[in-house]
Amino acid sequence: MTHDAEIDARDLLCPLPVLKARKGLERLQPGQVLRVLATDPVAVVDMPHFCGQAGHEYLGMTEEDDAQVHLIRRGIP
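As the structure is a prediction and not an experimental result, all values here were calculated from the model.

Draft legend 1. Expanded view of the overall build of the chain. In terms of helices and strands, the chain carries 2 helices and 4 strands. Ordered by position in the sequence, the α and β elements of the chain form the string β-α-β-α-β-β. Rg of the C-alpha trace for the chain: 11 Å, near the compact-globule value of 11 Å for 77 residues, within the 12% margin. Referenced to the eigenvectors of the C-alpha coordinate spread, the extents of the chain come out at roughly 30 × 25 × 20 Å. Excluding contacts between residues fewer than 6 apart, the proportion of contacts in the chain whose partners are at least 24 apart in sequence is 66%. As displayed, the chain has an accessible area near 4600 Å², and 52% of this comes from carbon and sulfur atoms.

Here you go:
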């Protein structure tokens, strides 16, 4: 899937990957997609939870080069 912006949150621990994703999403327009790279094992739980709470669409997670790749579509504020 294509994305409009990317955040590299590898080697950061909770809550930093989610905080960086939140700031990254603020710079996007509704409907645009953010790709977040993370290595924190808790991010697998935190990212979908954050999206549900903040009104963004969590598109899923894959693994690439020992990192999690989270895709998030910005919701309408």
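Draft legend 2. Here's a closer look at the nonpolar core. Within the largest apolar cluster, 14 residues are counted, with the highest numbers of intra-cluster contacts made by Ala21, Leu25, Leu34, Val36, Met47 and Ile72. Listing elements by their share of this core, those giving two or more residues are strand S1 (5-9), helix H1 (16-26), strand S2 (33-38) and helix H2 (43-54). Broken down by element, this core gets its largest block of residues, 4 residues, from H2. Once you skip the residues sitting within four places of it in the chain, Leu25 turns out to touch Leu34, Phe50, His56, Ile72 and Arg74.

What counts and what doesn't
- Residues numbered from 1 in each chain as written.
- Predicted model: local features only at pLDDT ≥ 70, side-chain atom pairs only at ≥ 80, totals over all residues.
- Heavy atoms only, no water.
- Helix = DSSP H or I, 4+ residues; strand = E, 2+ residues; numbered from the N terminus.
- Rg over C-alpha atoms; globule rule 2.2 N^0.38 Å.
- Contact = heavy atoms within 4.5 Å.
- Areas by Shrake-Rupley, 256 points an atom, 1.4 Å probe, with all protein chains shown as cover.
- Core = buried A, V, L, I, M, F, W, Y, C linked by side-chain atoms within 4.5 Å.
- Buried < 20%, exposed > 50% of the residue type's maximum accessible area, 1.4 Å probe, protein only.

Function cannot be inferred from these measures alone, as they are strictly geometric.
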